[in-house]
Amino acid sequence: MDRSLKRHLEARLATHLHGPVRQFTDQTEIRIEAGSVVEVLRALHDDPGLRFEILADLAGVDTGNVMQVVYHLWSETSPDWLRVIVDGLSRDDPRVPSATFLWTGAEWLEREAYDMFGIIFEGNRDLRRILMPADYTSFPLRKDFYLPDDAARSPGAGSRQVERPHAPAVVADDPGAGIRRAPVS
Amino acid sequence: MAVGDRGRRGAKAQADRQVVPAAPAHLARPIVVPNTFWTPTNPLAYEGGRPGEITHLHEFGETDAGRNDDARWGGLDVIPTKADYVLDLIRANSLWPLLSGLACCAFEMMSGATSKNDMDRWGMFPFRASPRQSDVLIVAGTLTTKMAGPLLRLWEQMPEPKWCVALGDCTVSGGRYKRSYSTVQGIDRIMPVDVYIPGCPPRPEGLIYGMLQLGQIVKDRRGHWAEREIGPSVPDKI
Amino acid sequence: MPTRPNGAQPGKPEKPTRPVTPGSPAAKDPAERPAAAGVRGGAHARTGRAAAAAAAAAAGVRGGDHARTGRAAATPATPAAPNPFGSTPHGHDPEAVRARLAAMPRPSADDPRILLDRTSDADLFEPIPPYPTRTEREAEFYSLGDGEMFLNVGPQHPATHGVLRLVLKLSGEQVMDVDPVIGYLHRGVEKICENSDYYHVIDQVDPLEYVSSLFQEWSAVLTFEKLMDVQVPRRAEYIRVLTAELLRVASHTLYMGFLALDLGGITPILYSFIERDEIVEMLAAITGARMLFNYYRIGGVNGDLNHEFMSRLGDWMSRAAKQTEANAALLNENEIFVRRARGVGIMDRHMALKMGVTGGNLRACGIAFDVRRAHPYSVYPELDFNVPTRQEGDSLARYLIRVDEVRESIRIIDQCLHNMPDGPIIAKLPRLLRPRPGRAWGAVEGPRGLMGVYAISDGSDQPFRFRIHDPSFMNLETVPHLLPGNLLADTMAIVSSLDPIMGGIDK
């Protein structure tokens, strides 16, 4: 619980914060909108009193109503972990500016968030699937991709036969069926 | 806030399972599985659902395609079958595995190959890097749908006679990843398996026991290589 | 329909003796053959995506890695280049070979009883990449310059530490660029954890970093304890540190063995596995399993130390220090190893920070970031240990750091044994764990770096979101920055020195 960090954040990022700076045991949490990502991250990284130089994690979250992107940062100036929640991304078209301008390592983390949720990171030079096969059509960690007890019959299974052992095989004379393209812009 | 069927536990459908009776141990009869479950991408596979005419690799070997295929023993008709009788005794003591460790079970496989539990005692130490030089494909570790293609290609590249060992729960039946969207629920859905070694991970002693059983299978089936099953060997309705 | 050996088909003339009618299946040019529906001839995808998709689907395409979409028309058979021997050697006739090849259909991958035509090289080679490129980086990578070639170090490879695929762009022996493809072990653990109880989550999270599974459990358990505000008894904390540091020693010992194995030395891996087997048998005495321990619980650990564990630990400790020195000397004093590792794969410290690298790889660049010191958890503030740091940032530094860390871990184990308090080993918690809605992040220092877990609870007995951050993921991301400029032979040295564990990378 670093109170000085809370004061510093409220002073420096007052215009960007949505809601109060919350603190819980050893974590400090701020919420921002997608439009403020670039300024906030740059301020956190460059400000001499903050210097959050270590990106610990970049995660996507699907709350069921909205999507979020959550950054966890670490600085030598504070004993707390800082959590930056980018809130309010729509579930239909979630777009966030990429953090690769500050941390090159965010590239793969953003690829993973895209792969699992479909969140588009604008500015990421390499936004393609990283964990699922390249022709997979669903975003597995979304809440509308549900796992019934027998996951093989999940509605979000991929286009390849090995991913849908219960589904009928692709019919040869239907050229458009079977292999659908992922909705990537 | 939660969307979807989060609260649903989902009772497992207790479908009545008709298990195909196990073939006698000394001879591997092909299990002809009516194609209700595994539907390959090729819609004409398995004759579009009807049982195929060729059920034995033996018969395939009698066609011209089978005769000319360089990777198959059955290219020459009679002599390898008789020679196999003796050669299989030799092969059983010198089964060279392919280094195909995918996940955690690979470490138990390596532990089984190193000093404390030494598989070299039975001639299995050389883990070949190339499928062209190996006899046994020990699939150790979870098989995902992305890896299924490369693994099947490895299996096809192995020259006959070849055997397959499913090491660990994930390869036997999907294991702890039974509910996952991206794992193959047991490798017998895509390739014929000879020995199943359960465990998560199985102890190296278990792996050695399984490999000795494989040696026994090789000896028991000697001379009858052509009658083995090809293709997925998962039992009906599983 | 089966074909005769010399290419004759029922009703059709034999190939070598009669002129070939254009439009028959025996025509040389694939473009002249009839577009067969179904299985035969489905292997060459000619025009457009739809036809290609249908053809690919009909020909039994097996997966995203082998999808043959969008490929240009297969080139017709070119006449053989002038033979340097003058005449064809050994009566070798390339046309006859091609004819024989064309007459020998190959069994389909889905079902060997289905025979596919082997009519073009499209069957034999797969374009890289097998799908159209969509991103900027892909377009940059997959365009070949002058004299460059792709080498696919495929998912199955003796040196890739599991299923990692590296597409190398080589110019001769020198690596120009590399595209690591991961995901061959993606098991969907995060999704499974969203549908599991908190206890089951600990079990599911084990096989991620299977070599150091206790650390993975620790990060999950730490996060849940923050979420539920649980106090862990001191004895449990000391047991956790003791077992975790033992596993760190095992993991680093295995690392040394694998690094040597990837550089060609087969002996050190045998020594490593002896060490690892001893430690793992020790841990099996208290946890019941050799590898995926499922030992930590929210609020403590699952079982107390017992006599077998203590006796095995005593045996091991009595020779641990000397054994470590001997194992390390096997490599440190080996000139080949040192010269292959020194100066290879130098990671610049600024680049390492920007890449999010943590753990020994970051400390080898000179930045002393260790979660045990930066953000202490458990009883580490009470323990006396150093955090070894080196400045060079090359593979040798990464290796030597881990040797130092083994020595430090042995010191920590010693202190734990001496200061082990009495008391309960687990806090009293209700059987049905229903934490209050909230979010928590917890991180531990694993053998490869920072292992973090971000858990969101919605008040039910299953976590709403369970996010695992794995250090090997970030370490592997540096590969496209470290590999270019080095020779092919150094590739495996560099990748191996980063110590990737594919289970954690792919989740």
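Below you will find a few notes about this structure. Note that the coordinates shown come from a computational prediction; the quantities given were computed from them, not determined experimentally. (Residues numbered from 1 in each chain as written. Chains lettered and ligands numbered in written order. Predicted model: local features only at pLDDT ≥ 70, side-chain atom pairs only at ≥ 80, totals over all residues.)

### Re the overall build of chain C
Tallying secondary structure elements over chain C gives 18 helices and ten strands in all. When the 507 residues of chain C are sorted by exposure, 52% land in the buried category. Expressed as a percentage of contacts within chain C between residues at least 6 apart in sequence, the contacts between residues at least 24 apart total 67%. (Helix = DSSP H or I, 4+ residues; strand = E, 2+ residues; numbered from the N terminus. Buried ≥ 20, exposed ≤ 12 C-beta atoms within 10 Å, placed from the backbone. Contact = placed C-beta atoms within 7 Å.)

### Quick look at the pairing of strand S3 (residues 54-62) of chain A
All names here are of chain A. A large share of S3 lies buried, amounting to nine of its nine residues. Taken together, the eight bridges between S3 and strand S4 (residues 67-74) define a ladder with antiparallel strand orientation. Within S4, the position partnered with Leu 55 by the bridge is Leu 73. Counting the residues between successive antiparallel strands, the hairpin from S3 to S4 contains four residues, one of them, Gly 64, with a positive phi of roughly 95 degrees. (Pairing = 2+ DSSP bridges.)

### Some details on unusual backbone geometry
That bond from Cys 200 of chain B to Pro 201 of chain B is cis: its omega, -15 degrees, falls within 30 degrees of zero. Within the element layout of this structure, Pro 201 of chain B appears in the loop between strand S4 (195-197) and helix H7 (204-220). Its identity is not glycine, yet Asp 229 of chain C carries a phi of approximately 55 degrees, on the positive side. Even without being a glycine, Asn 294 of chain C presents a positive backbone phi close to 55 degrees. Mapped onto the fold, Asn 294 of chain C is located in the loop between helix H8 (267-287) and strand S6 (296-297).

### Topic: the sheet that holds strand S10 (residues 463-469) of chain C
All names here are of chain C. Read from one edge of the open sheet, three strands run S8-S9-S10, paired in antiparallel fashion. Of all the strands in the sheet, just strand S8 (438-446) and S10 have a single pairing partner and so form its edges. On average, adjacent strands in this sheet sit at an angle of 15 degrees to one another, irrespective of strand direction. Sheet strands in contact with helix H6 (residues 213-228) are S8 and strand S9 (449-457), and its direction is about 150 degrees off that of S8. (Axes fitted to C-alpha atoms, helices over the stretch in contact; angles between N-to-C directions.)

### What to know about the sheet that holds strand S2 (residues 136-140) of chain B
Residues and elements named next belong to chain B. Pairing in this open sheet of four strands is parallel, and the strands run S1-S2-S3-S4 from one edge to the other. Every other strand in the sheet has two partners, leaving strand S1 (97-98) and S4 as the edge strands with one partner each. Of the strands in this sheet, S2, strand S3 (163-167) and S4 touch H7, which is tilted by about 170 degrees from S4.

### With respect to the nonpolar core
Ranked by internal contacts, the top residues of the largest apolar core, which has 216 residues, are Leu 73 of chain A together with Val 139, Val 165 and Leu 167 of chain B. Each of domain 2 (136-181) and domain 3 (189-506) of chain C gives at least three residues to this core. Look past the residues within four positions of Val 139 of chain B in its chain and what remains in contact with it is Ser 100, Leu 102, Leu 151, Cys 164, Ala 166, Leu 167, Thr 171 and Ile 187 of chain B. (Core = buried A, V, L, I, M, F, W, Y, C linked by C-beta atoms within 7 Å. Domains from an automatic or database assignment.)

### A look at the environment of Ala 134 of chain A
As for its position among the elements, Ala 134 of chain A is in the segment after strand S7 (120-122). For the pair formed by Ala 134 of chain A and Asp 115 of chain A, sequence separation is 19 residues and the distance between their alpha carbons is 9.6 Å.

### Concerning helix H7 (residues 234-262) of chain C
All names here are of chain C. The terminal C-alpha atoms of H7, which comprises 29 residues, lie 41 Å apart, in line with the 42 Å expected from a rise of 1.5 Å per residue. Where burial is concerned, most of H7 is hidden: 27 out of the 29 residues are buried. One or two residues past the end of H7 sits Gly 264, with phi positive at roughly 110 degrees. (Expected span 1.5 Å × (residues − 1).)

### Topic: the environment of Tyr 142 of chain C
All names here are of chain C. Among the structural elements, Tyr 142 can be located in the loop between helix H3 (136-141) and strand S3 (149-153). The class of Tyr 142 is partly exposed, set by 17 C-beta atoms lying within 10 Å. Taking the C-alpha atoms as reference points, Tyr 142 and Ser 378, separated by 236 residues in sequence, lie 48 Å from one another.

### As for the packing of helix H5 (residues 198-205) of chain C against H6 of chain C
Residues and elements named next belong to chain C. Two elements in contact, H5 and H6, have axes whose closest approach is 8 Å; the angle formed by their N-to-C orientations is 155 degrees. The angle between H5 and H6 falls in the class roughly antiparallel. When the axes of H5 and H6 are compared, the crossing they make is right-handed. Residue-level inspection shows Tyr 198, Val 201, Ile 202 and Val 205 of H5 in contact with H6, the latter providing Gln 216, Glu 217, Ala 220, Val 221 and Phe 224. Taken together, the residues that form the contact of H5 with H6 break down as seven nonpolar, one polar and one charged. (Parallel < 35°, antiparallel > 145°, perpendicular 65-115°, else oblique. Left-handed = near helix turned anticlockwise from the far one by under 90°. Nonpolar A, V, L, I, M, F, W, Y, C, P; charged D, E, K, R; others polar.)

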